Amino acid sequence: MLEEVKAIAMLHPDIMVCEPTSLIGTGKVSDDDYMHATNQGVKAVSPKTLVLQAAGISTGEDVYRAILSGADGTGGTSGIVKKPNPAEALQEMIEALDRARTEREDS
């Protein structure tokens with residue numbers, strides 16, 4: 001997995017989405033080890049590439065963890081559109097993003 005991430009990063013894309021295909025749309029989030037390893041793997045090869053962690057993101061806490069792992073951003077499509085109140089879910093994720101970015105900048 002890390003070898004594939006680094007190989008793609010060698011193309012120096014503007015943005016890479018890192019997510020195990022087996023987790024897409026499942027509501028199961030990548031573990032912290034995967035997020036840290038892929039964030040660092042991309043940045044080691046292509047420091048300017050933005051890294052998004054997106055697998056299974058469905059709550060504000062998921063967004064918070066992804067950003068604290070070193071990701072530049074995250075996705076949450078199914079985690080928003082499948083909720084009874086998508087606007088409320090989006091607001092929760094935005095607040096978590098703001099909290100994580102603030103904590104990351106302060107440390």
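Cut-offs and rules
Residues numbered from 1 in each chain as written. Predicted model: local features only at pLDDT ≥ 70, side-chain atom pairs only at ≥ 80, totals over all residues. Heavy atoms only, no water. Helix = DSSP H or I, 4+ residues; strand = E, 2+ residues; numbered from the N terminus. Expected span 1.5 Å × (residues − 1). Buried < 20%, exposed > 50% of the residue type's maximum accessible area, 1.4 Å probe, protein only. Arc of directions from axis to C-beta. Contact = heavy atoms within 4.5 Å. Axes fitted to C-alpha atoms, helices over the stretch in contact; angles between N-to-C directions. Parallel < 35°, antiparallel > 145°, perpendicular 65-115°, else oblique. Left-handed = near helix turned anticlockwise from the far one by under 90°. Nonpolar A, V, L, I, M, F, W, Y, C, P; charged D, E, K, R; others polar. Core = buried A, V, L, I, M, F, W, Y, C linked by side-chain atoms within 4.5 Å. Salt bridge = Lys/Arg side-chain N within 4 Å of Asp/Glu carboxyl O. pLDDT = per-residue confidence, 0-100.

**A short note on helix H5 (residues 86–106)**
With 21 residues, H5 should reach 30 Å at 1.5 Å per residue; the first-to-last C-alpha distance of 30 Å fits that figure. Where H5 is concerned, the buried positions are Ala89, Met93, Ala96 and Ala100. Taken around the axis of H5, the buried residues stretch over an arc of 65 degrees, which confines them to a single face. Along H5, exposed side chains directed more than 90 degrees from the buried face belong to Ala87, Glu88, Glu105 and Asp106. Of the surrounding elements, those touching the buried residues of H5 are helix H3 (60–68) and helix H4 (77–81).

**Digging into the packing of H3 against H5**
Where H3 meets H5, the axes come as close as 8 Å, and the angle between the chain directions of the two elements is 25 degrees. What the angle tells us is that H3 and H5 run roughly parallel. Relative to H5, the crossing made by H3 is right-handed. Note on element contacts: H5 touches H3 through Glu92, Met93, Ala96, Leu97, Arg99, Ala100, Arg101, Glu103 and Arg104, opposite Gly60, Glu61, Val63, Tyr64, Ile67 and Leu68. Considering only residue class, the contact of H3 with H5 consists of eight nonpolar, one polar and six charged.

**Brief notes about the nonpolar core**
The biggest cluster of nonpolar side chains holds 17 residues, and the ones touching the most others in it are Met16, Cys18, Val42, Ile57, Val63 and Met93. With four residues, the single largest contributor to this core is H3. Sequence-distant contacts of methionine 93, defined by excluding residues within four places in its chain, comprise Ile57, Ser58, Thr59, Gly60, Val63, Gly76, Gly79 and Ile80.

**With respect to the pattern of salt bridges**
Pairing is possible between side chains that carry opposite charge, provided their charged atoms lie close to one another. Tallying each qualifying case throughout the model produces two salt bridges. Arginine 65 is the salt-bridge partner of aspartate 32, the closest N and O atoms lying 2.7 Å from each other. Of this pair, aspartate 32 sits in helix H2 (residues 32–45) while arginine 65 sits in helix H3; the two residues are 33 residues apart in sequence, bridging distant segments of the chain. Overall, the relative accessible area of 24% leaves arginine 65 in the partly exposed class. Ionic pairing is found between aspartate 72 and lysine 43, a salt bridge with its closest N-O pair at 2.9 Å. Of this pair, aspartate 72 sits in the loop between H3 and strand E3 (73–74) while lysine 43 sits in helix H2, placing them 29 residues apart in sequence.

**So, the confidence of the model for the protein**
Mean pLDDT for the protein: 93, with 99% of residues reaching 70 or above. Least confident of the elements in the protein is H4, whose mean pLDDT is 86; most confident is strand E2 (residues 50–53), at 97.

**Quick look at the environment of alanine 44**
Among the secondary structure elements, alanine 44 is positioned in helix H2. With a relative accessible area of 62%, alanine 44 lands in the exposed category. Placed 52 residues apart in sequence, alanine 44 and alanine 96 show a C-alpha to C-alpha distance of 27 Å.

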